[in-house]
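Below, each chain spelled out in residue letters.
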Amino acid sequence: MLSCKEVAARASALIDGELTLWERAQMRLHLTICKGCSAFIAQMRVTRALTSIPVAPVAADNDARISAILAEAARRL
């Protein structure tokens, strides 16, 4: 079974879908057992989703645009 350090090193590859079937199986096994690594991967997914939202400059008084951005962030979570 993979160690927590190995899971952390492969986390981005897992999220990006770059692991082989065997590597994904090893990761899933570890994540089933280790709640700390599960939380880490979940947080990475949230961070990735939030940082991939395209954001245009927003005026401070543009409430509709701010609401749209927040809605998109909530949808991706």
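Conventions adopted
- Residues numbered from 1 in each chain as written.
- Predicted model: local features only at pLDDT ≥ 70, side-chain atom pairs only at ≥ 80, totals over all residues.
- Heavy atoms only, no water.
- Helix = DSSP H or I, 4+ residues; strand = E, 2+ residues; numbered from the N terminus.
- Expected span 1.5 Å × (residues − 1).
- Contact = heavy atoms within 4.5 Å.
- Axes fitted to C-alpha atoms, helices over the stretch in contact; angles between N-to-C directions.
- Parallel < 35°, antiparallel > 145°, perpendicular 65-115°, else oblique.
- Left-handed = near helix turned anticlockwise from the far one by under 90°.
- Buried < 20%, exposed > 50% of the residue type's maximum accessible area, 1.4 Å probe, protein only.

Novice: Please provide a residue-by-residue account of helix α2 (residues 21–33), values included.
Specialist: Relative to the 18 Å expected for 13 residues at 1.5 Å per residue, α2 spans 19 Å between its end C-alpha atoms, a close match to the ideal helical length. Looking at the buried positions of α2, the neighbouring elements they touch are α1 (4–15) and α3 (35–51).

Novice: Got a sec to walk through the packing of α1 against α3? Specific residues and values, please.
Specialist: Their axes nearest at 10 Å, the elements α1 and α3 cross at an angle of 30°. The angle between the axes of α1 and α3 places the two elements in the roughly parallel class. Between α1 and α3 lies a crossing of right-handed hand. Here Cys4, Val7, Ala8, Ala11, Ser12, Leu14 and Ile15 of α1 come into contact with α3, specifically with Cys37, Phe40, Ile41, Met44, Arg45 and Arg48.

Novice: Describe the environment of Arg28, listing the residues and the values that go with them.
Specialist: As for its placement among the helices and strands, Arg28 is situated in helix α2. Here Arg28 falls in the partly exposed class, since its relative accessible area comes to 46%. With 45 residues separating them along the chain, Arg28 and Ala73 place their C-alpha atoms 26 Å apart. When near neighbours in sequence (up to four residues on either side) are disregarded, Arg28 contacts Leu14 and Arg45.

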